[in-house]
Structure formats: C-alpha cells, structure tokens
Amino acid sequence: PHPSAARLLVDYALSEAGQRVWAREGRVPARPGVESLDPRLVRGVKMIPTDASNADKWNELAKELREIWKVRAR
C-alpha cells in the first residue's frame, strides 16, 4: 500500500550499508565489495546467479549441494 516506502526499503537493502547488515546476518551480500562474514564461505569465489528455470527444484538442488559440501541446513 506504500510504494514510496517500498522503494526506500529496496534502495537501502541494496546500498552498501544495507548489504553489510545482510552480511552480518550470515547471508551472502549481492553488492561487489561487501564480503560475507560467514567463515564457511570461500573468499574470492565469483558468484554466478542460477537460472530461474531451476526454481521448482531449489530444495532438491540445495540438499545435493549441502551433501557435497558437508554443510548443515540453517
């Protein structure tokens, strides 16, 4: 109901400050130059977005990756 507020939220979320908050929460930031603080993530790896056509198989793919990398689900 408040499009201007939504635009402000998106602007902040994508800003450097917003992405630093994202990183502090253990998430992978999308902004270049803001590194994740999660020690389980490999530094210097180029992130490649996944094809949206895989969205329906996300849980299956995520499980497979966790098994490969021996990572627990959050």
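Residues numbered from 1 in each chain as written. Predicted model: local features only at pLDDT ≥ 70, side-chain atom pairs only at ≥ 80, totals over all residues. Heavy atoms only, no water.

### Some thoughts on the packing of helix α1 (residues 3–14) against helix α2 (residues 16–24)
Where α1 contacts α2, the two axes come as close as 4 Å, and the packing angle between them is 70°. The angle between α1 and α2 places the two elements in the roughly perpendicular class. Facing α1, whose interface residues are Y12, A13 and L14, α2 presents E16, A17, G18, Q19 and V21. Residues that form the contact of α1 with α2 fall into these classes: 5 nonpolar, 2 polar and 1 charged. (Axes fitted to C-alpha atoms, helices over the stretch in contact; angles between N-to-C directions. Helix = DSSP H or I, 4+ residues; strand = E, 2+ residues; numbered from the N terminus. Parallel < 35°, antiparallel > 145°, perpendicular 65-115°, else oblique. Contact = heavy atoms within 4.5 Å. Nonpolar A, V, L, I, M, F, W, Y, C, P; charged D, E, K, R; others polar.)

### Topic: the confidence of the model for the protein
Taken residue by residue, the protein gives an average pLDDT of 83. The fraction at 70 or more is 84%. Confidence scores differ between elements of the protein, with helix α3 (residues 58–69) showing the lowest mean pLDDT of 86 and α1 the highest of 94. (pLDDT = per-residue confidence, 0-100.)

### Some thoughts on a nonpolar patch on the surface
Where nonpolar side chains cluster on the molecular surface, the patch consists of L65, I68 and W69 and spans about 340 Å² of accessible area. Assignment of secondary structure puts W69 in helix α3. Among the residues examined, W69 registers a relative accessible area of 58% and is labelled exposed. (Patch = residues over 30% accessible without salt bridge, like charges linked within 9 Å, V, L, I, M, F, W, Y side chains within 5 Å. Areas by Shrake-Rupley, 256 points an atom, 1.4 Å probe, with all protein chains shown as cover. Salt bridge = Lys/Arg side-chain N within 4 Å of Asp/Glu carboxyl O. Buried < 20%, exposed > 50% of the residue type's maximum accessible area, 1.4 Å probe, protein only.)

### So, the pattern of salt bridges
Enumeration over the complete set of coordinates arrives at 1 salt bridge. The partner of R20 in a salt bridge is E16, with the nearest N and O atoms 2.4 Å apart. Taken together, the residues R20 and E16, both in helix α2 and 4 residues apart, mark about one turn of the helix.

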